[in-house]
Amino acid sequence: MKKYPLKLLAIFGFLITLLGFFNWLINPLLLFDSPAIDGVNRYKTQFFFLQHKVKPLWAQSSRPDGLILGSSRAGGGLNPDHSALPENTFNYAIPGIRINTIARVYSEARLLGDLSQVVMTLDFFSFNVSPSLTQVRDTEMFEGFYADADGDRRPFASLRRGKSLLQGLVSWQNTRNSILTMRRQSAIEERGAGFFEFTRAGNWYQTLAKGREQRQNFRVIEQNYLDEGWFPPPAREFIFANEQLSAFDSYGDLLALMYVDGVSVELVISPLHARFLSAIKVAGLWEEFEIWKRQLLAINIAMADEAGETPFPLWDFADYSELTQERIPAENDSSTRMRNYIDGQHYTVELGDRLLDRILNHQSSEHEIVEGFGSLLKAESIDIHLVRVRDLQVEYEASHGQELLDLQRSVEIVKSRNSN
Amino acid sequence: MLFNSIEFLFLFLPVTLIGYFLLCQLQKAVWPLIWLLLASLVFYGWWNPAYVILLLISIVFNFGFGKLLLHPGSPAGTKKHLLIIGVVFNLGLLGYFKYANFFIDTAGLIAGSEFSSLRIVLPLAISFFTFQQVAFLVDAYQAKVKQIDFLRYCVFVSFFPQLIAGPIVHHTEIFPRLIDSARFRFNSSDFSQGLSQFGIGLFKKVIIADSLAIFANPIFAESASSVGFSSLDYTVGVIAFGLQIYFDFSAYSDIAIGLGKMFSINLPVNFESPYKSTSIIDFWRRWHITLSRFLKDYLYIPLGGNRRGTFRRYCNLLITMVLGGLWHGAHWHFVFWGFLHGAFLSINHVWRHITRNNADQTWNIFSTVIGGRILTLVAIMLSWIFFRANSTADGMSILMAIVGMDSLNFSPAYLFSISASNLPFIFGGLISDIRILVFIYLAALFMWVLLLPNCQQIFSGQGRIRWQPNLAWASGIALLLLFSVAGLDQAAEFIYFQF
């Protein structure tokens, strides 16, 4: 009888160590410094949609003074090692994130160190509070170690961090991630959206699968957005506020906090490809898109006035330029790759670097300045700006009739799928 | 702090156990008792440190009244007044924190206007430590309490394994152990049993009960009515909740008893295979046994019990069960659930009275198996609808949807919620059809609750499966612990924690 508890605890200890070793080795969420083995765990296939769980751990180690906020567009496009950014910049972008969760991320990050520079990218979809956005609901489970839901500092941050790491080793959820990571290694270079290589600074590099047509990639992403949050109302719709949540209130509260913190902030409307801008129009949301831009500007000015500060620069890259109108490879062309875009919403690091050059006034020897890429929004000129964008859209659509037809087909497909 | 949390398992429990047994070496009971008290206050304060003060006020007040009630020189009339003040204080505290908004809302409903609610946070465990202390005061008044001292009284009320969700311990079950200084030492036999029962309980909670929530939660969600669930979804969801609450409470009872046993403190049995009941009367002798005992001894009997005629008996039964329902939560659907059980018990008593002289063997078998087990189980399952629903009206809608039997297929929305769980991942290789998987899983769990022995039988050596301190059992329990610890990232709190 005396040895029974010892035996029990010893067997339990052995089993849990074994499980922990397995999860450490496969390391599906990049929590540990275990080796990357070809065919076993090189590609972290489960990581992309679990970043809201992992990034608080990385950010805590990094204690950044520069910060990139936003969705997957910023995550894959903005390089935290860009020379115009502070040396220790962390890319805290999270896929599918909504503005209220971005506010939570900022609340967490500001408690980590002395932030001097923030680049916050703003995406139209992040302001949709429709409950039909399943992917967004997941990221709303973001929970940092330092800040509570109100942004106040919580005690025992190290304890929570230790708990997270322990669960990374011995949870079934992570064991499931390990098994799926192993299973999905072989086909990832050949199929679908390809693979992602993640860095501990928070950004990633996406490589499309070998056989993937880039045009198809545009279609898939467009249809996902139409499908998830837009079409058809009332089950799927685009709304800025509901009974529980107002996206603009969250945005205003976030800016107010940033003004109080005295941090330098650049607000950036993501550089969407011209085809995706047409997708917004075809979906009947262009009016909302313009209202959104106006509100971003108005709230920024109002919050600056309240704080007695100069408004943060607000840049609009969802515009028409040589870069955002880059030609999409033709049907059946699976070998040509675009320089600036992965799909209509996600841009490459090359375009991201140009964006950072522009907003941070950085002279780059690699890129020349492209006219029309990024406009500073101001109260006195926003009307003219929006009219200009509308005119350029008419021009683009007139010269890209096939793209427009293709888009309309996508809309019909989604509409009929979701109506049934 | 939750029993099913990393901080409890890897920090609080080991530190508390090691500290306790080290202090036992000092050969003075006072040090391990102080340690247990401090640990229990930390355990309680983990949720909200401010409410430790409320717990301490309640303890000090009740101890003071207990002392006065036990004072040999106090006249009987004074003692009665003291008891009334003591009970009113306890019920007042419970009433304010748990029922104030319920009464305000109800008054508003009657008056036809809306009164603004108070911002009150319900302190954890208040229903449990209030009842425990009310029982203590009544027993002190009736001179059933022999001796008390402040430290032991504090441990009696706050002992962490039973503080949050019972068992509602009677002082006679704990005091003798706390007084016996010879038992303040490490007892390998108790520790082994306690650890094993704890492991079984943890497995039931983390792996079984929480997985059942996946089937039950969608149909009870506030948005369920707009989703378009089918009759089959509702039926399966209700059965799943019946099993979920069974395993959840069974798990909590096993964990509490197991933890107590590790300290060589025997907590009373609170749960004894209630779905094996042959009647509703039998059910209430097996489900939340210590609450039933409290309600019987301190409510039903003082109301007159069965001593004042048949009509009064059934009235007393209904009042007791309605208040028992209200004890679970300040909502009308709990009151209705209590009323249903009061009605079931009354019908059960009437039925027993009618059939008491029937000697027909066939009839008795039929009555026990069909009328007894099956009907009891159906009645319990249907009553759970009102226990779990957000309102009585929601409960009625779910009941109507089940009775309506409009579709014998799962809806796509329900299948989608299940497919998001880990079950298809775990069993996907064996059973690809998710519908078959659901039926097999629920049927297997029903077999468990109806056929397998419970922990009391296993650990007392009375069941077909008997615990023995050997390598096979150590390996089995270690495996259960592994499954449970690895499932902690998905763990939810115990259902009875909210009461």
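Residues numbered from 1 in each chain as written. Chains lettered and ligands numbered in written order. Predicted model: local features only at pLDDT ≥ 70, side-chain atom pairs only at ≥ 80, totals over all residues.

Draft legend 1. Highlighting the overall build of chain B. Each helix and strand counted, chain B has 22 helices and zero strands in total. In terms of overall dimensions, chain B is globule-like: its C-alpha atoms have a radius of gyration of 24 Å, near the 23 Å expected for 499 residues. Taking the principal axes of the C-alpha coordinates as reference, chain B spans close to 70 × 60 × 60 Å. Looking at chain B as a whole, 40% of its 499 residues are labelled buried. A sequence separation of at least 24 residues applies to 72% of the contacts in chain B between residues at least 6 apart. (Helix = DSSP H or I, 4+ residues; strand = E, 2+ residues; numbered from the N terminus. Rg over C-alpha atoms; globule rule 2.2 N^0.38 Å. Buried ≥ 20, exposed ≤ 12 C-beta atoms within 10 Å, placed from the backbone. Contact = placed C-beta atoms within 7 Å.)

Draft legend 2. Quick peek at the overall build of chain A. When its secondary structure is counted, chain A shows 14 helices and eight strands. Considered along the principal axes of its C-alpha atoms, chain A spans approximately 85 × 55 × 50 Å. Taking all 420 residues of chain A together, 44% fall into the buried category.

Draft legend 3. How the structure looks around the sheet that holds strand β6 (residues 264-269) of chain A. Residues and elements named next belong to chain A. The mixed open sheet is built from six strands, whose spatial order is β2-β1-β3-β6-β7-β8. The two strands at the open ends of the sheet, each matched to only one other strand, are β2 (89-91) and β8 (375-376). Where helix α11 (residues 286-307) meets the sheet, it contacts β3 (117-122), β6 and β7 (314-316), and its direction lies at approximately 165° from that of β7. (Pairing = 2+ DSSP bridges. Axes fitted to C-alpha atoms, helices over the stretch in contact; angles between N-to-C directions.)

Draft legend 4. Broad picture of helix α6 (residues 150-158) of chain B. Most of α6 of chain B is tucked away, with seven of its nine residues classed as buried. If you follow the buried residues of α6 of chain B, they end up packed against α2 (30-45), α3 (50-70), α5 (126-141), α7 (160-163) and α8 (171-179) of chain B.

Draft legend 5. Looking closely at the pairing of β6 of chain A. Residue and element names in this part refer to chain A. Note: β3 against β6, six bridges, orientation parallel. Counted as the bridge partner of L122 is I269 from β6. Direction of pairing for β6 relative to β7: parallel, over a ladder of three bridges. The residue bridging V268 from the neighbouring strand is W315, located in β7.

Draft legend 6. Up close: the nonpolar core. All names here are of chain B. Ranked by size, the top nonpolar core spans 134 residues in total, and within it F156, V238, A240, Y252, I255, I398 and L481 carry the most contacts. No other element matches helix α11 (residues 231-262), which puts 19 residues into this core. Domain assignment of the residues forming this core places at least three in each of domain 1 (6-186) and domain 2 (193-498). Ignoring any residue separated from it by four or fewer positions in sequence, one finds I398 in contact with I219, Y234, V238, I385 and A389. (Core = buried A, V, L, I, M, F, W, Y, C linked by C-beta atoms within 7 Å. Domains from an automatic or database assignment.)

Draft legend 7. A look at the domain arrangement of chain B. Residues and elements named next belong to chain B. Domains assigned within chain B are domain 1 (6-186) and domain 2 (193-498). Look at where the C-alpha atoms of domain 1 and domain 2 centre, and you get two points 27 Å apart. The interface is formed by 26 residues belonging to domain 1 together with 23 residues belonging to domain 2. For the side of domain 1 that touches domain 2, the secondary structure elements donating two or more residues are α1 (6-24), α4 (76-111), α5, α7 and α8. Take the side of domain 1 that touches domain 2: its biggest share by element is five residues, from α5. For the side of domain 1 that touches domain 2, the per-class residue count stands at 18 nonpolar, four polar and four charged. (Nonpolar A, V, L, I, M, F, W, Y, C, P; charged D, E, K, R; others polar.)

Draft legend 8. Broad picture of α2 of chain B. Under the 1.5 Å per step criterion, the end-to-end length of α2 of chain B is 22 Å for 16 residues, consistent within 8% with the ideal 22 Å. If you follow the buried residues of α2 of chain B, they end up packed against α1, α3, α6 and α7 of chain B. (Expected span 1.5 Å × (residues − 1).)

Draft legend 9. How the structure looks around the packing of α1 of chain B against α2 of chain B. All names here are of chain B. Their axes nearest at 8 Å, the elements α1 and α2 cross at an angle of 165°. On the basis of the axis angle, α1 is roughly antiparallel to α2. Pair α1 / α2 crosses with right-handed handedness. Residue-level inspection shows F12, T16, G19, Y20, L23 and C24 of α1 in contact with α2, the latter providing W31, P32, W35, L36, A39 and F43. (Parallel < 35°, antiparallel > 145°, perpendicular 65-115°, else oblique. Left-handed = near helix turned anticlockwise from the far one by under 90°.)

Draft legend 10. Local environment of unusual backbone geometry. Residues and elements named next belong to chain A. Of note in this structure, L30 is not a glycine but carries a positive phi near 55°. By secondary structure assignment, the location of L30 is in the loop between α1 (4-26) and α2 (51-62). A residue is classified by how many C-beta atoms lie within 10 Å of it, and L30, with 19 of them, is partly exposed. For R63, which is not glycine, the phi torsion reads 40° and is therefore positive. Looking at the element boundaries, R63 is found in the loop between α2 and β1 (66-69). Accessibility expressed as a C-beta count within 10 Å gives 12 for R63, which makes it exposed.

Draft legend 11. Inspection of the packing of helix α16 (residues 361-388) of chain B against helix α17 (residues 392-404) of chain B at higher detail. All names here are of chain B. The contact between α16 and α17 brings their axes to 7 Å, and the two run at 140°. Here α16 is positioned oblique relative to α17, judged by the angle of their axes. The two elements α16 and α17 meet at a crossing, and its hand is right-handed. Every residue of α17 that contacts α16 at L382, I385 and F386 is listed here: T392, G395, I398 and L399.

Draft legend 12. Local environment of the interface of chain A and chain B. Of the residues lining the interface, 21 residues belong to chain A; the matching set on chain B comes to 23 residues. When contributions to the side of chain A that touches chain B are tallied by element, the ones reaching two or more residues are α1, α6 (157-170) and α7 (172-183) of chain A. Top element by residues in the side of chain A that touches chain B is α1 of chain A. It accounts for nine residues. The residue makeup of the side of chain A that touches chain B, split by class, is 13 nonpolar, four polar and four charged.

Draft legend 13. Just the environment of L488 of chain B, in detail. Residues and elements named next belong to chain B. By the secondary structure assignment, L488 is in the segment after α22 (471-486). Remark: the alpha-carbon pair of L488 and W384, spanning 104 residues in sequence, is separated by 26 Å. Excluding its chain neighbours within four sequence positions, the residues that come into contact with L488 are N4, S5, I6 and V206.

Draft legend 14. Seen up close, the environment of F90 of chain A. All names here are of chain A. Along the chain, F90 turns up in strand β2. On the basis of neighbour count, F90 is assigned to the buried category, with 27 C-beta atoms found within 10 Å. Between the alpha carbons of F90 and W58 there is a distance of 8.9 Å; along the sequence they are 32 residues apart. What F90 contacts, discounting residues up to four positions off in sequence, is A59, S62, P64, L67, P80, A201 and G202.

Draft legend 15. Inspection of the pairing of β3 of chain A at higher detail. Residue and element names in this part refer to chain A. Along β3, five of the six residues are buried, which leaves the element largely enclosed by surrounding structure. Pairing geometry for β1 and β3, over four bridges, is parallel. The residue bridging L67 from the neighbouring strand is V118, located in β3.

Draft legend 16. Examining the environment of H273 of chain A more closely. Residues and elements named next belong to chain A. Secondary-structure assignment places H273 in the loop between β6 and α10 (274-282). A sequence separation of 54 residues divides H273 from R327, and the C-alpha atoms of the two residues are 9.8 Å apart. Contacts of H273, omitting those with residues within four sequence positions, involve T324, Y341 and G344.

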